[in-house]
Amino acid sequence: MLGLLLARQAGIDDPVRLRRTTSTWRVLSLELNKDRDVERIHGTGINTLDIEPVEGRYMLSGGSDGVIVLHDLENFSGKPTYTCKALGYVGRSHPDVHKFSVETVQWYPHDTGMFTSSSFDKTLKIWDTNVLQPADVFHFEGTVYSHHMSPVATNHCLIAVGTKSPQVQLCDLKSGSCSHTLQGHRQEVLAVSWSTRHEYVLATASADSKVNLWDVRKASGCLSTLDQHNGEKSKASSEAASTAHNGRVNGLCYMNDGLHLLTIGTDDRMRLWNSSTGENTLELYSGSKDCNILAWIPALREPVNDYVSEKPKETMDVGVSLSQPSLKKSREPKTSLLQLE
């Protein structure tokens, strides 16, 4: 670190490199906070978390017991050691509680007055935060593994849903119905993620070892299927040439600038992809066979233009994978202060 400071002082190094390196060093130095605790409401493991980043104050958690809890992370005690209180929760006695494990919770990207949850009980629920009552419920024929709303969409209100069916379901909040499906996978869809750069681009991961990229405006099929061998079939059989992993693809997420996509599979590997070209950057990370959750920890960076597509430096971002039962990726709602009676 001292060498980087001296190089920056002498004008040898770019200031962005120092900021990225510092951010990465801080991330790698993270440890559990011994002064802050969270009030325990869940009686079993926690599968998913989502924090609204406008203030970084309110957090949703969903557990394998079907319970959803809303936490306030603010410290009003004035003391260094405190417990984050639960503002409210959808408990087992609630008439609209999920019957089985909650797999995903997500704040509505434009208003903290609403959030969504999906569960193994084959439902996706849209909740009114202020009264903790469902405003709408979508029912599916198979188990729901994942859902996601676009954090950048301004022209649509679609929720992508991955279920036991090989078809990706798109639910429209405006009409209150499933608008259409995307066909291209051969087995259940385990993870979905909207691009953080282009509002109509969607990535899906499946148990068929494939990751597909879609433009949901087109009905002709997926834009591309990610290939871990970058088209070099001589390195693998033709059957495996168009697969992203040598096993089920459990999780995926876009980087904050939308230029790259991180995936993880049961082959104990995480792979980084150029989201514009679909090319495997060959940045290989060791993963976990039990992991199905990914999150990016953002590093400070300069704005990146659309045409930039070079391989990211190792210090650009840090990808974090979490194993079950564990915590999940957070999204970016963008407005108001939450009010609960």
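Undergrad: Would you explain the sheet that holds strand S16 (residues 211-215) in this entry?
TA: Each strand in a sheet pairs with its neighbour through backbone hydrogen bonds, running either in the same direction (parallel) or in the opposite one (antiparallel). In spatial order, the strands read S14-S15-S16-S17; together these four strands make up an open sheet with antiparallel pairing. Strands with a single pairing partner mark the edges of an open sheet, and in this sheet they are strand S14 (189-194) and strand S17 (224-225). Bridging between strand S15 (residues 201-206) and S16 involves five bridges; their strand directions are antiparallel. Bridge pairing in S16 places Thr204 opposite Asn212.

Undergrad: Looking at this structure, I do not really get the pattern of salt bridges. What am I missing?
TA: As enumerated under the stated definition, the model contains four salt bridges in all. Note that Arg57 and Asp72 form a salt bridge whose closest N and O atoms lie 3.0 Å from each other. A residue pair is termed long-range when its members are at least 10 positions apart, and Arg57 in the loop between strand S2 (46-51) and strand S3 (58-63) and Asp72 in strand S4 (residues 68-72) qualify at 15 residues. With its nearest N and O atoms 3.2 Å apart, the salt bridge here joins Asp267 to Arg271.

Undergrad: What is the right way to read a nonpolar patch on the surface from this model?
TA: Among the surface-exposed residues, Leu2, Leu5 and Leu6 lie close enough to one another that they form a single nonpolar patch of about 310 Å² accessible area. The topology assignment puts Leu2 in helix H1 (residues 2-9). Under the relative-accessibility criterion, Leu2 is labelled exposed at 60%.

Scoring rules and cut-offs
Residues numbered from 1 in each chain as written. Predicted model: local features only at pLDDT ≥ 70, side-chain atom pairs only at ≥ 80, totals over all residues. Heavy atoms only, no water. Pairing = 2+ DSSP bridges. Helix = DSSP H or I, 4+ residues; strand = E, 2+ residues; numbered from the N terminus. Salt bridge = Lys/Arg side-chain N within 4 Å of Asp/Glu carboxyl O. Patch = residues over 30% accessible without salt bridge, like charges linked within 9 Å, V, L, I, M, F, W, Y side chains within 5 Å. Areas by Shrake-Rupley, 256 points an atom, 1.4 Å probe, with all protein chains shown as cover. Buried < 20%, exposed > 50% of the residue type's maximum accessible area, 1.4 Å probe, protein only.

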